[in-house]
Amino acid sequence: MDKLTSAESSRMVTVLDDGLEKMLLLSALPEKRSVAMLSELDQEPYDAVCSQWELEERITETLRSGTINPAREASDDPAQTVPQMQESLQVSSRQLCRVLRSTPKAYGVLQAYLPEEETGGRNTTALVEVLTELKEQVIHKLARSNEEESSAKKKLEDKKMKSKK
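Residues numbered from 1 in each chain as written. Predicted model: local features only at pLDDT ≥ 70, side-chain atom pairs only at ≥ 80, totals over all residues. Heavy atoms only, no water.

Asker: Can you explain a nonpolar patch on the surface? Please cite residues and give values.
Answerer: Among the surface-exposed residues, L127, L131 and L134 lie close enough to one another that they form a single nonpolar patch of about 220 Å² accessible area. Along the chain, L127 turns up in helix α6 (residues 121-143). When its relative accessible area of 41% is taken as the criterion, L127 is described as partly exposed. (Patch = residues over 30% accessible without salt bridge, like charges linked within 9 Å, V, L, I, M, F, W, Y side chains within 5 Å. Areas by Shrake-Rupley, 256 points an atom, 1.4 Å probe, with all protein chains shown as cover. Salt bridge = Lys/Arg side-chain N within 4 Å of Asp/Glu carboxyl O. Helix = DSSP H or I, 4+ residues; strand = E, 2+ residues; numbered from the N terminus. Buried < 20%, exposed > 50% of the residue type's maximum accessible area, 1.4 Å probe, protein only.)

Written out as structure tokens, the structure is:
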């Protein structure tokens, strides 16, 4: 298998960084509304957070009620289809991430109002740690040239041969 170019390697690392950052940003959004928290947000973050909560509540209610049919066409019912809901959630989540990136104060406010049990506790922390470690391993692996890779393989083979003797 051919090695990736440095530009391809750099792009891979950037995608991993971006994914980790988005996960951290979205995990700061509390599940339940907080009037006190909303009062501390500027207009743009306020709108993005409210929009995300409203969309999540609408999707949750629709799924709980069991009135959604994944194959339903948009013309059958004014309610959204599953693909439309997925797209709406993706768009809303991207917008929320953009707003939180551009206004670190808003991210701090969200974190301040996030109860400890809502952070996902050890699960979220463990996932972030594992993904960060994976990213570091990928960076290390991608940084090795073909020559370094073949040299490492040769050393490993030499060690195996010596251990067999």
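Don't stop here, the text continues.
Asker: Go over the pattern of salt bridges, please, and point to the residues and values.
Answerer: By the definition in use, this model includes seven salt bridges. With its nearest N and O atoms 3.2 Å apart, the salt bridge here joins R33 to E57. With R33 in the loop between α1 (6-27) and α2 (35-40) and E57 in helix α3 (residues 43-65), the pair connects residues that are 24 residues apart, well separated along the chain. Residue R33 is classed as partly exposed on the basis of its relative accessible area of 38%. One continuous salt-bridge network, built from bridges that share partners, spans D18, E21, K22 and R101.

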